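A closer look at the structure
Now for the letters of each chain:
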Amino acid sequence: MTQPSRFHIRPIAGEDHAEWSALYADYARFYAVNQSVAMREQVWQWLHQPSPAIFALVAVDAQGRLIGFAHYRAFVRPLAASMGGYLDDLFVASAVRGQGVGTALIKAVVQIGQLQGWSVIRWVSAEDNQLARACYDKLARHTGWQTYEISLK
């Protein structure tokens, strides 16, 4: 999963903790989510437990710094009798947005999905996130499905 020498994509590793945590905090700020250190640590634990609940890829620049991440997981598609992939979080550092990092992260998840035999990769985006949606519109079809949720906390 390599890209041109300006950055490459790889699975997250233990030594990425501090940089991932800083990027994940930036992601929460971007979406105006009040996220605590304890919340980030919970996600880190999910990523590193023996049978991970969620997986992560990171984008790393030529100097070895994390510049983006993608959190993804498999999900069951009962109506299609298949498995799919869900891209929960995708974030690229503001200094490198528009340089193909998000596209590369999505394409890496697609490669994983192809290897896993998934029938679809799915994600949601904020309606007003125009830069991200411009990227997504080149890679995927907007389905027209509406998202609903019931808050339990």
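Scope of this entry: the structure provided in the associated data block. The structure presented is a predicted model; accordingly, all values stated were derived computationally and were not measured. (Residues numbered from 1 in each chain as written. Predicted model: local features only at pLDDT ≥ 70, side-chain atom pairs only at ≥ 80, totals over all residues. Heavy atoms only, no water.)

**A short note on the pattern of salt bridges**
Keep this limit in mind: By convention in these notes, a salt bridge is any Lys or Arg side-chain nitrogen within 4 Å of a carboxyl oxygen on Asp or Glu. The buried label applies to any residue whose accessible area, calculated with a 1.4 Å probe on protein chains only, is under 20% of its type's maximum; exposed applies above 50%, and partly exposed to all values in between. Segments assigned H or I by DSSP are reported as helices when at least four residues long, segments assigned E as strands when at least two residues long, and all are numbered from the N terminus.
This structure, assessed with the given rule, holds four salt bridges. Between arginine 65 and aspartate 61 there is a salt bridge, with the nearest N and O atoms lying 2.9 Å from each other. By relative accessible area, which is 10% here, aspartate 61 ends up buried. Put simply, arginine 73 and aspartate 88 hold a salt bridge, and the shortest N to O gap is 2.6 Å. Of the two residues, arginine 73 sits in strand E3 (residues 66-77) while aspartate 88 sits in strand E4 (residues 82-92), which places them 15 residues apart along the sequence.

**Quick notes on the side chain of aspartate 89**
Cut-off, in case you're wondering: Whenever two N or O atoms come within 3.5 Å, that pair is a polar contact, provided that in protein one can donate a hydrogen and the other can accept it, and provided that, for residues adjacent in sequence, both atoms are side-chain atoms.
Within the fold, aspartate 89 resides in strand E4. Among the polar contacts made by the side chain of aspartate 89, one reaches the side chain of tyrosine 24 at a distance of 3.3 Å. Side chain to side chain, aspartate 89 and tyrosine 27 meet in a polar contact 2.9 Å long.

**Details of the side chain of histidine 71**
Short version of the rule: Note on contacts: a residue pair is in contact if any heavy atoms of the two residues lie within 4.5 Å.
Here histidine 71 is to be found in strand E3. A residue is classified by how much of its surface remains accessible, and histidine 71, at 0% relative accessible area, is buried. A distance of 3.0 Å separates polar atoms of two side chains, one belonging to histidine 71 and the other to tryptophan 20. A polar contact of 2.8 Å, which involves the side chain of histidine 71, links it to the side chain of aspartate 89. Apart from the residues lying within four places of it in its own chain, the contact partners of histidine 71 are Trp20, Tyr24, Val43, Leu47, Ile54, Phe55, Ala56, Tyr86, Leu87, Asp88 and Asp89.

**Re the sheet that holds strand E5 (residues 121-122)**
To keep it simple, the criterion reads: One bridge is not enough; two strands pair if DSSP finds at least two bridges between them. Fitted lines through C-alpha atoms serve as axes, helices being fitted only where they are in contact, and the angles separating the N-to-C directions of these axes extend from 0 to 180 degrees.
Strand order in the open sheet formed by five strands is E1-E2-E3-E4-E5, with mixed pairing between adjacent strands. Two strands close off the open sheet at either side, each with one partner strand: strand E1 (7-11) and E5. Sheet topology note: the E1/strand E2 (residues 55-61) ladder contains five bridges and is antiparallel. Within the sheet, the bridge partner assigned to isoleucine 9 lies in E2 and is alanine 59. Here helix H3 (residues 101-116) sits on the sheet in contact with E1, E2, E3, E4 and E5, set at roughly 160° to E4.

**Observations concerning helix H2 (residues 37-48)**
Rules: Multiplying 1.5 Å by the helix residue count minus one yields the expected span of that helix.
With 12 residues, H2 ought to run about 16 Å at 1.5 Å a step, and its terminal C-alpha atoms sit 17 Å apart, in line with that. Its buried side turned inward, H2 meets helix H1 (17-30), E2 and E3.

**Thoughts on a nonpolar patch on the surface**
As a reminder, the rule being used: The patches reported here contain residues having more than 30% relative accessible area and no salt bridge. Joining distances are 9 Å for like charges and 5 Å for nonpolar side chains (Val, Leu, Ile, Met, Phe, Trp, Tyr). Computed by Shrake-Rupley with a 1.4 Å probe, the accessible areas treat only the displayed protein chains as cover when residues are assessed.
A contiguous nonpolar patch, built from Phe30, Tyr31 and Val33 and spanning about 260 Å² of accessible area, is present on the exposed surface. With respect to the helices and strands, tyrosine 31 occurs in the loop between H1 and H2. Owing to a relative accessible area of 33%, tyrosine 31 belongs among the partly exposed residues under this scheme.

**Details of the packing of aromatic side chains**
Here a ring pair, both rings aromatic, is described through the centre-centre distance and the interplanar angle of the planes. Spelled out, the test is: Aromatic contacts are taken between Phe, Tyr and Trp rings whose centres are within 6.5 Å, Trp giving its six-membered ring; a plane angle under 30 degrees counts as stacked, one over 60 as edge-to-face, and the others as tilted.
What the rule picks out here adds up to 13 aromatic pairs. Relative to tyrosine 31, the ring of phenylalanine 30 lies with its centre 4.9 Å away and its plane at 90°, an arrangement referred to as edge-to-face. An aromatic cluster is defined as three or more aromatic residues linked by ring pairs; in this entry it consists of Trp20, Tyr24, Tyr27, Phe30, Tyr31, Trp44, Phe69 and Phe91.

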